[in-house]
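# Structure assessment
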Amino acid sequence: MKVYQRLASAFKEEGVSATFGMMGDGNMYWLYELHKLGVKVHEVRHEGAGLGMADGWARVTHTPGVATATCGPGVTQLATALVTASRAESPLVVFVGEFPTNDDEYNQRLDQSRFAAACETGFVRVATADAADDAVRKAFYLAKLELRPIMLSAPIDVQQR
């Protein structure tokens with residue numbers, strides 16, 4: 001089983017029935033697996049709109065909303081919606097791809113942990129294949145405990161293991 005498949009299964013195990021966002025190279029395999037598991041994938045035209053929809057979902061259902069974006073520029077499009085959700089104390093888990101750990105010159109490289117902190121958002125990284133389940137559980141736990149968005153960042157090469 002690939003890590004992106006394990007990550008999708010872990011989201012499903014958390015009770016996720018819908019996700020909102022844009023597909024890119026950093027999250028496309030994960031999104032496809034969610035779809036195969038029966039999770040409704042709402043494709044949007046802007047990453048910030050998807051996060052706004054997940055925020056609305058969280059406020060209405062009182063459960064963590066799930067949004068997604070690809071790495072780098074896709075993540076930066078989330079800025080305003082992240083701050084809005086954080087200040088509204090909305091529990092969100094935002095799955096984002098991250099540049100490959102073995103490519104220092106990847107053109108969408110961004111220090112996503114610093115970006116998340118600047119947007120009043122928690123950050124959890126899927127550092128190894130063995131940590132996938134724990135990272136998902138931690139992200140959902142923190143979103144519910146801290147009542148704010150948590151960015152779950154998964155490097156592309158780790159997702160492919």
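Figured I'd write up the structure that's included with this text.

So, how was this worked out
- Residues numbered from 1 in each chain as written.
- Predicted model: local features only at pLDDT ≥ 70, side-chain atom pairs only at ≥ 80, totals over all residues.
- Heavy atoms only, no water.
- Pairing = 2+ DSSP bridges.
- Helix = DSSP H or I, 4+ residues; strand = E, 2+ residues; numbered from the N terminus.
- Right-handed = clockwise from strand over helix to strand, strands pointing away.
- Core = buried A, V, L, I, M, F, W, Y, C linked by side-chain atoms within 4.5 Å.
- Buried < 20%, exposed > 50% of the residue type's maximum accessible area, 1.4 Å probe, protein only.
- Contact = heavy atoms within 4.5 Å.
- Salt bridge = Lys/Arg side-chain N within 4 Å of Asp/Glu carboxyl O.

Now for the pairing of strand S2 (residues 40-43). As defined by bridge partners, strand S1 (residues 18-21) adjoins S2 across four bridges and the pair is classed as parallel. The partner of Ala18 across the bridge, within S2, is Lys40. The parallel pair S1 and S2, bridged by helix H2 (residues 28-36), forms a crossover whose chirality is right-handed.

A word on the nonpolar core. Among the nonpolar cores identified, the biggest contains 27 residues, and Leu7, Phe11, Trp30, Val126 and Leu152 are the most heavily contacted of them. Mapped by element, the contributors of at least two residues to this core are helix H1 (3-13), H2, strand S4 (92-98), helix H7 (132-146) and strand S6 (149-155). In terms of residues, this core owes the most to one element, H7, which gives seven residues. Apart from residues no more than four positions distant in its own chain, Leu152 is found in contact with Phe11, Val93, Val94, Phe95, Val96, Val124, Val126, Ala135, Val136 and Ala139.

This part is about the pattern of salt bridges. Per the stated rule, a full pass over the model turns up 10 salt bridges. Here Arg125 and Glu98 are joined by a salt bridge, their closest N and O atoms 3.0 Å apart. Of this pair, Arg125 sits in strand S5 (residues 122-125) while Glu98 sits in strand S4, placing them 27 residues apart in sequence. Given the relative accessible area of 37%, Arg125 is considered partly exposed. Here Asp104 ties to Arg109 by a salt bridge, and the two come within 3.9 Å at their closest N and O atoms. A relative accessible area of 61% means that Asp104 is categorised as exposed. Take Arg109: its relative accessible area is 40%, and that puts it in the partly exposed class.

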